[in-house]
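# Structure at a glance
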Amino acid sequence: MGTLPEPFAGWFAGRGWTPRPHQLALLDAARRGDSALLIAPTGGGKTLAGFLPSLIDLHAGPRPGLHTLYVSPLKALAVDIARNLMAPVEQMGLGLRIETRTGDTPANRRARQRQDPPQILLTTPESLALLLTLEDATELFAGLGAVVVDEIHALAGTKRGDQLALGLARLATLAPGMRRVGLSATVAHPDPLRAYLSPTARADDVALVLGEGGAEPQIDLLLPEGRLPWGGEMGLATMPEVYRRIRDAGVTIVFVNTRAQAELCFQALWRLNDDNLPIGLHHGSLTVEQRRKVEAAMAAGKLRAVVATASLDLGIDWGAVDQVVQVGAPKGVARLLQRIGRANHRMDEPSRAVLVPANRFEVVECIAARQAIRAQELDGDPPRPGGLDVLCQHILAVAVAGPFLPDDLYAEVKRASPYAMLTRENFDDALRFVEDGGYALSNYDRFRRLFRDSEGRVHVRSNTVARQLRMNLGTIVDLPMLKVRLRGGPVLGEVEEWFVSSLTPGDAFIFAGQLLRFEGLDGLAALCTRASGGEPRVPVYGGSRMPLSTWLAARVRSILADPKAWKHLPEPVQEWLRLQRHVSTLPPRDGLLVETFPRGGKFFLLAYGFEGKLAHQTLGMLVTKRMERLGMAPLGYLATDYVLACWSAFEPTGVERLFEEDLLGEELEEWMADSSMLRRSFRNIAIVAGLIEKNHPNAEKSRRQMTMSADLIYDVLRKHEPQHILLRATRQEAATGLTDVARIGLVLERARRGGIVHRALDRVSPLAVPSLIEKGREWVAGGAEDALLAEAAAMVEEVTEGAELFSETLADLTDHIPARGDRDRPRRPRDRAREGRARRLPWKAPKGLATPTS
């Protein structure tokens, strides 16, 4: 193993440090010119390891121009790394320029970086894609020596990762000597990530460097005082205990799973903040300035806590963080470890974390995740094949930078791992689409963007095409957003257009930790004033749902099926499961439990699949469709991460027919063709591929305009060119991201392999109660009356009748379920639908801070 030259060796020694073996191993790989994937625990010096070879190389042979490119999934992470990297560079007197380039970088600095690039540039996949479209990209990247991809696991397997992989393949063409480095703390499948990094799409061409194991994290489970909710909730009942943990610690990050939950938890903590502790709020819909203010305050030690979503999941190096609190189920072991790693950020000291489950099913999930961490087991799916819509965008981007030969570009694209298996037919169809829209659209001049010269080189048609491409570059397709602006004050952030459309002037809502009153629209902004009192609404974001990982779901099933494993569960949960075993039976580890019972003039069917809400939603569509064919008259269904619940007019019999594997055949195709889901998916595909332009000079298309355009084109293609490349991309995406067909297949396969355990009950079971008090039901037939919420208290009475195991019967649920005659009255925050609707809560203004994030 190599050694460090001066002044690097002296810098380490001056701090009493010894270079870690994985840092030296990366240095050796760089000296050999090899690419490498480093997997090391948080706090193990991964970032320094990634940059160390570049710093040593630049010190040994100083030269101008871009030497190293660092790519981060988050703008905040790039800014944080730049700040932390400057310290050793300045302390060793290396005299290097290190700068960031993201969507937040001012135009004058971007222009300067193009004329006089720094030696080290920190950026994001989107900004890199934009740089590669420049006419002088060849000169800019010609001397590039290394690319460092941080948090690589968060990119591979996503559309952003597809875009980055294609960008890396392009960089390898422009700078053949470039080596690649990937950094991650949580990797379940190293070989696919090595292939992702590889310049040849082969894992063997990338060295694997493993860091030493860090200290095992200390993970506590925090339950509310008093009753543990059966279902629903958002962890708000435990906020008094969370606040006490914050008060007794130095600095805390409170992670939640959605932006709406972040706003609610933040307000709940402020209502408890009698000590006037400085607490911040951080999520992706706040303005850059507000987020930067919170990040800077945390880095400077001025905050005691920050409530955050995935916006702070990755890599922000705040060594002073004492503990991490995860509110709600973790949904995945690797993701939970990533968040836990924010605490301490030192490899040889245990990170302190607190899990705050919102209900009884989430308790089991938290216990399963904690056991997996102790067993050093990770979850995660291998990266999927690259998206065809991303490929279309990339083809146009390459043409904007300069002419290309199709054969050369096809060979280059196949060197990107997500596209290693790309057929020439798919490539040619993608190229044809970018050229003129394809057969069905070729007569429309607006879709003609490329042309070929006499030598077969492909050129972009005009500067207008190039400008439009740069304005619409990227793979993140959000729902249309509107800015939230204070009258006479600053912009606070953005909310989704549908939420603003549901407001009328005078309505109050919570955003950025403040109570605002909506006055009306001012261009593309919601104009607001500060307000006080009342029961405001909370914006809910359609893109904020997180899936339960397949691997963690299997662990949950194992715990439920084995009473010996219950000793690790809190007593209320053990009682709940014991009563389930007494009234019905437990979900099997391998197989499928289906319960049916009558209730309120209807019949209920519950299938305990444990494959995530998305898969259960699609399964609900298919099962109710088959129920309809069999004459069971389905009325509706509901999907949670754990359970599919359907209700019908007639008793379900022969339930095995409802879960046969052929469900994924003709019925799935019919449903997808008839549903609006494919239309929504096509719209997003069309935006990424460049068929529909979201952004225009001095204007932005409205959601209605984009939807109308997408629907019209979708109908034309379905009729005249059903195998169009974008329709193929739409079906491919629907099978994974929108319907989760693979995980439905797991449910049906288990049902076939392990058998269906059907329990025909005369009353609701304990495990069924959490699902039946959920909100946000999906209706099959409109207008059907449903009294589930009004009857939930009676359900619990039935479940606990004659059993002394539960003392928390009616009061546990009637606290947050309205009576039949009170369906329209305002309800407390935990009465609100968990997703897809606005929520209300009693307002109490934060103490001490006019703006909680200031």
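Below or above, wherever it landed, is the structure these notes cover. Given the structure is predicted, the values throughout are model-derived calculations rather than measurements.

Here we take up the side chain of arginine 370. Among the structural elements, arginine 370 can be located in helix α14 (residues 360–374). Buried charge arginine 370 goes without a salt bridge, the closest partner of opposite sign being aspartate 220 at 5.5 Å. A distance of 3.2 Å separates a polar side-chain atom of arginine 370 from the backbone oxygen of isoleucine 219. If near-sequence neighbours (up to four positions away) are discounted, arginine 370 is found in contact with Ile219, Asp220 and Leu221.

The next subject is the pairing of strand β5 (residues 146–149). Residues Ala146 and Val148 point to one face of β5 and Val147 and Val149 to the other, with burial holding for every one of them. Of the pairings in the sheet, the one linking strand β2 (residues 68–71) to β5 comprises four bridges and is parallel in character. Bridging from a neighbouring strand, leucine 69 pairs with valine 147 of β5. Summarising the sheet, β5 and strand β6 (residues 179–184) pair through four bridges and their orientation is parallel. Bridge pairing in β6 links alanine 146 to arginine 179.

Let us look at the pattern of salt bridges. This structure, assessed with the given rule, holds 40 salt bridges. Between glutamate 365 and lysine 331 there is a salt bridge, and its shortest N-O distance comes to 3.6 Å. Of this pair, glutamate 365 sits in helix α14 while lysine 331 sits in the loop between β12 (323–327) and α13 (333–340), placing them 34 residues apart in sequence. Both residues of the pair, glutamate 365 and lysine 331, belong to the buried class. Arginine 432 is the partner of aspartate 436 in a salt bridge, and the nearest nitrogen-oxygen pair spans 2.8 Å. Taken as a pair, aspartate 436 and arginine 432 lie in helix α17 (residues 424–436) at a separation of four residues, close to a single helical turn.

Within the secondary structure layout, arginine 743 lies in helix α27 (residues 741–754). On the basis of relative accessibility, which here comes to 7%, the residue arginine 743 falls in the buried class. The residues contacting arginine 743, other than those within four sequence positions of it, are Leu548, Ser549, Thr550, Ala553, Phe610, Glu611, Gly612 and Ala615.

It is worth spelling out the nonpolar core at this point. Counting residues in each nonpolar core, the largest one holds 83 residues, and the members touching the most others are Leu69, Phe141, Leu171, Ile395, Phe682 and Leu691. If you tally residues by element for this core, the top one is helix α15 (residues 388–401), at ten residues. If we skip the residues at most four places from it in the chain, isoleucine 395 touches Phe404, Leu409, Phe427, Ala430, Leu431, Val434 and Leu450.

As a further point, take the packing of aromatic side chains. Counted by the stated rule, this structure contains 14 aromatic pairs. Judged by centre distance (6.0 Å) and plane angle (75°), the ring pair of tyrosine 444 and phenylalanine 447 falls under edge-to-face. Classification of tyrosine 444 by relative accessible area gives partly exposed; the value is 45%. Judged by its relative accessible area of 6%, phenylalanine 447 is buried. In this structure an aromatic cluster arises from ring pairing among Phe361, Trp576, Phe610 and Tyr642. The cationic tip of arginine 449 hangs over the ring face of phenylalanine 433; the distance from NZ or CZ to the ring centre is 5.2 Å.

What follows covers the environment of alanine 142. Take alanine 142: it is sitting in the loop between α7 (137–141) and β5. Judged by its relative accessible area of 47%, alanine 142 is partly exposed. Counting along the chain gives 77 residues from alanine 142 to glycine 65, while the straight-line C-alpha distance between them is 9.1 Å. Contacts of alanine 142, omitting those with residues within four sequence positions, involve Leu174 and Ala175.

Here the focus is the sheet that holds strand β10 (residues 279–282). Spatial strand order, β8-β13-β12-β9-β11-β10: six strands in an open sheet with parallel pairing. A strand with exactly one partner marks an edge of an open sheet, and here the two such strands are β8 (218–221) and β10. The average angle at which neighbouring strand axes cross in this sheet is 20°, direction not considered. Relative to strand β11 (residues 305–308), strand β9 (residues 252–255) runs parallel, the two being bridged by four bridges. Bridge pairing in β11 places phenylalanine 255 opposite alanine 308. Across the face of the sheet, α13 comes into contact with β8, β9, β12 and β13 (352–356) while running at roughly 140° to β12.

Thresholds, definitions, all that
- Residues numbered from 1 in each chain as written.
- Predicted model: local features only at pLDDT ≥ 70, side-chain atom pairs only at ≥ 80, totals over all residues.
- Heavy atoms only, no water.
- Helix = DSSP H or I, 4+ residues; strand = E, 2+ residues; numbered from the N terminus.
- Buried < 20%, exposed > 50% of the residue type's maximum accessible area, 1.4 Å probe, protein only.
- Lys, Arg positive; Asp, Glu negative; His and termini not counted.
- Salt bridge = Lys/Arg side-chain N within 4 Å of Asp/Glu carboxyl O.
- Polar contact = N/O pair within 3.5 Å; in protein donor to acceptor, adjacent residues only side chain to side chain.
- Contact = heavy atoms within 4.5 Å.
- Pairing = 2+ DSSP bridges.
- Core = buried A, V, L, I, M, F, W, Y, C linked by side-chain atoms within 4.5 Å.
- Phe/Tyr/Trp six-rings, centres within 6.5 Å; stacked < 30°, edge-to-face > 60°.
- Lys NZ or Arg CZ within 6 Å of the ring centre and 35° of its normal.
- Axes fitted to C-alpha atoms, helices over the stretch in contact; angles between N-to-C directions.

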